[in-house]
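# Overview (structure and organization)
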Amino acid sequence: MTQHIGELNPPNRLMLTPGPSSMDPRVYRALATPLVGHMDPWFKGCMDDTQVLLRQIFQTENRLTMPLSASGSGGIEASVVNSLEEDDEAIICVNGVFSDRMAVIASHTPAKVTKVEAPYGKAVDAEDVRRAGKGRKIKIVGLAQGETSSGVLTQIEPFRKVADELGALLVVDTVASLAAVPLHVDRERVDICFSGTQKAISAPPGMSPITVSPRAEEIFRTRKTKVQSWYFDLTTAMNYWGKERLYHHTPPVSLIYALREAMRIVMEEGLEARWERHRVNQLALIAGLEAMGLELLVRKPADRLPTVTAVMIPDGIDDAKVRNQLLDEFNIEIAGGLGPLKNKIWRVGLMGHCSQKPYVLLFLAALEKILLDQGLRVPSGAGVGAAVQSYTHVHSEAAVSR
Ligand SMILES: *Cc1c(COP(=O)(O)O)cnc(C)c1O
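Residues numbered from 1 in each chain as written. Predicted model: local features only at pLDDT ≥ 70, side-chain atom pairs only at ≥ 80, totals over all residues. Heavy atoms only, no water.

### A closer look at the sheet that holds strand β8 (residues 169–173)
In space, the 7 strands of this open sheet follow the order β2-β10-β9-β8-β5-β3-β4, with mixed pairing throughout. The open sheet is flanked by β2 (64–68) and β4 (112–117), the only strands paired with a single partner. Neighbour to neighbour, the strand axes of the sheet diverge by 15° on average, direction disregarded. Two elements, strand β9 (residues 192–194) and strand β10 (residues 208–212), share 3 bridges in a ladder whose sense is antiparallel. Across the sheet, C193 pairs through a bridge with T211, a residue of β10. (Pairing = 2+ DSSP bridges. Helix = DSSP H or I, 4+ residues; strand = E, 2+ residues; numbered from the N terminus. Axes fitted to C-alpha atoms, helices over the stretch in contact; angles between N-to-C directions.)

### Comments concerning the pattern of salt bridges
Taken as a whole and assessed by the stated rule, the structure comprises 28 salt bridges. In this structure, the salt-bridge partner of E89 is R136, at a minimum N-O distance of 2.5 Å. Linking E89 in strand β3 (residues 89–94) with R136 in the loop between α5 (126–133) and β5 (140–144), this pair joins segments that are 47 residues apart in sequence. Residue R136 is classed as partly exposed on the basis of its relative accessible area, which comes to 26%. The salt bridge partner of E261 is R264, with a shortest N-O separation of 2.9 Å. Pair noted here: E261 and R264 are both in helix α9 (residues 253–269), with a separation of 3 residues, about one helical turn. Given the relative accessible area of 32%, R264 is considered partly exposed. (Salt bridge = Lys/Arg side-chain N within 4 Å of Asp/Glu carboxyl O. Buried < 20%, exposed > 50% of the residue type's maximum accessible area, 1.4 Å probe, protein only.)

### What about the site of the ligand?
Taken together, S71, G72, S73, F98, G146, T148, D173, V175, A176, Q198 and K199 make up the full set of residues near the ligand. S71 places a side-chain nitrogen or oxygen 2.6 Å from an oxygen atom of the ligand. In the complex, the protein chains occlude 89% of the 380 Å² of accessible area that the ligand would expose alone. Taken together, the residues of the shell around the ligand sort by class into 3 nonpolar, 6 polar and 2 charged. (Near = heavy atom within 4 Å. Polar contact = N/O pair within 3.5 Å; in protein donor to acceptor, adjacent residues only side chain to side chain. Areas by Shrake-Rupley, 256 points an atom, 1.4 Å probe, with all protein chains shown as cover. Nonpolar A, V, L, I, M, F, W, Y, C, P; charged D, E, K, R; others polar.)

### Overview of the domain arrangement of the chain
Each assigned domain of the chain is listed with its residue range as follows: domain 1 (25–267) and domain 2 (270–401). Domain 1 and domain 2 are separated by 28 Å when their C-alpha centres are compared. Roughly 2,200 Å² is buried in total at the junction of domain 1 and domain 2, and carbon and sulfur atoms are behind 64% of that figure. Together, Y120, G151 and A180 form the three largest contributors to the area buried by domain 1 at its contact with domain 2, with a combined 19%. In this structure, the connection of domain 1 to domain 2 is made through 0 salt bridges. Applying the counting rule to domain 1 against domain 2 returns 10 residue pairs in polar contact (both at pLDDT 80 or more). Contributions of two or more residues to the side of domain 1 that touches domain 2 are made by α2 (41–58), α4 (97–106), β6 (146–147), β7 (152–153) and α9. (Domains from an automatic or database assignment. Buried area = accessible area lost by both parts, 1.4 Å probe.)

### Notes on helix α3 (residues 72–83)
For α3, with 12 residues, the first-to-last C-alpha span of 17 Å sits near the 16 Å given by 1.5 Å per residue. Most of α3 sits inside the fold, with 10 of its 12 residues counted as buried. Along α3, the positions that sit buried rather than exposed are G72, G74, G75, I76, A78, S79, V80, V81, N82 and S83. (Expected span 1.5 Å × (residues − 1).)

### Some thoughts on the sheet that holds strand β13 (residues 335–336)
Taken together, the 3 strands give an open sheet; going across it, the order is β11-β14-β13, and neighbouring strands pair in antiparallel fashion. Pairing within the sheet leaves two strands with one partner each, and these edge strands are β11 (308–312) and β13. Taken together, the 2 bridges between β13 and strand β14 (residues 345–349) define a ladder with antiparallel strand orientation. Within β14, the position partnered with A335 by the bridge is R347.

### A short note on the pairing of β10
Put simply, side chains in a regular strand alternate between the two faces of the sheet. Burial runs high along β10: 5 of the 5 residues are buried. As defined by bridge partners, β2 adjoins β10 across 5 bridges and the pair is classed as antiparallel. What sits directly across from L68, in β10, is S208.

Next up, the structure:
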């Protein structure tokens, strides 16, 4: 009857997943600092710091820049419900589960939604969007810079061009790519850009940073109808994050502390150094996987998302057994496939704090051991050896793409 519940004592995992990623100890310390009220004058400074850091990471001067009190999916929701109303049309580029989620959420609005698709493992062709939008009045073009379900990176620029031709706002999901992959919101003229805190920023899950261009803000302000969601109406939410500091809802104060500290860590490293770190560690991981005889889902190197590597599960190997053994024997978590890729791929995340040399080498060694246990013939030490070679010979290119 009186069941005793013990003190919380979670295992100490290394989360090589597509999110959440493991966190720096400094972020845990920030989480554990004293709570204050969300209207406390001291907290105002903390909010200002958070917005300054978010603008630096998004590379923007947008006034409307704030963390939504919601996971990454809340960022998708806010982007589409604020921009779409009756008689509007949206084109959403779909090449996986998360870009499809944008189309699904958009279909909950009264707007007409057209999906332009690419197979999982490939990026959508901007030319297909041009064709789909021809002669139509399009309000938004939406895409995911990093499609987490397949590990595909999409280049933003060609879609900006097409969106300009169509007179559309460009909406970009950077949940899996912000702070890991080059992004310049202002220079690339992304109108609405959102992310999640638990991926390459390496803060706890539960917030969705978002930034909105002045042009999109103006469109929000001149809507004919009310935004269907009160909670995600960005014009009123900004009364709290803007000058007025009017109560809107109680934000997760401790998560904001943690986000602030995680972003300080991002900026101490520097964005370009961080982008380069993600690139180099993924190259080593890929070298190791290929040396072990494993194949990648994404064939074209330029299409590979540095934070998530999708590995084909070899014939005869049991997906769940491998992942369970990684967890039980090595305390390492990786992810399986979603939707049509379930049981077909593993997704190995190297995000933020987790994109580190020791973790890449540890993971390759652990995977070799487990594949051997499962009867796959893996050349001894090949994975770790190839990764070491990759670290030794891949010199960082001085000019990170700007
Ligand atoms: C993880 C992810 C989401 C969803 O984020 P949640 O925090 O799980 O709601 C959306 N888009 C992309 C690209 C993601 O990687």
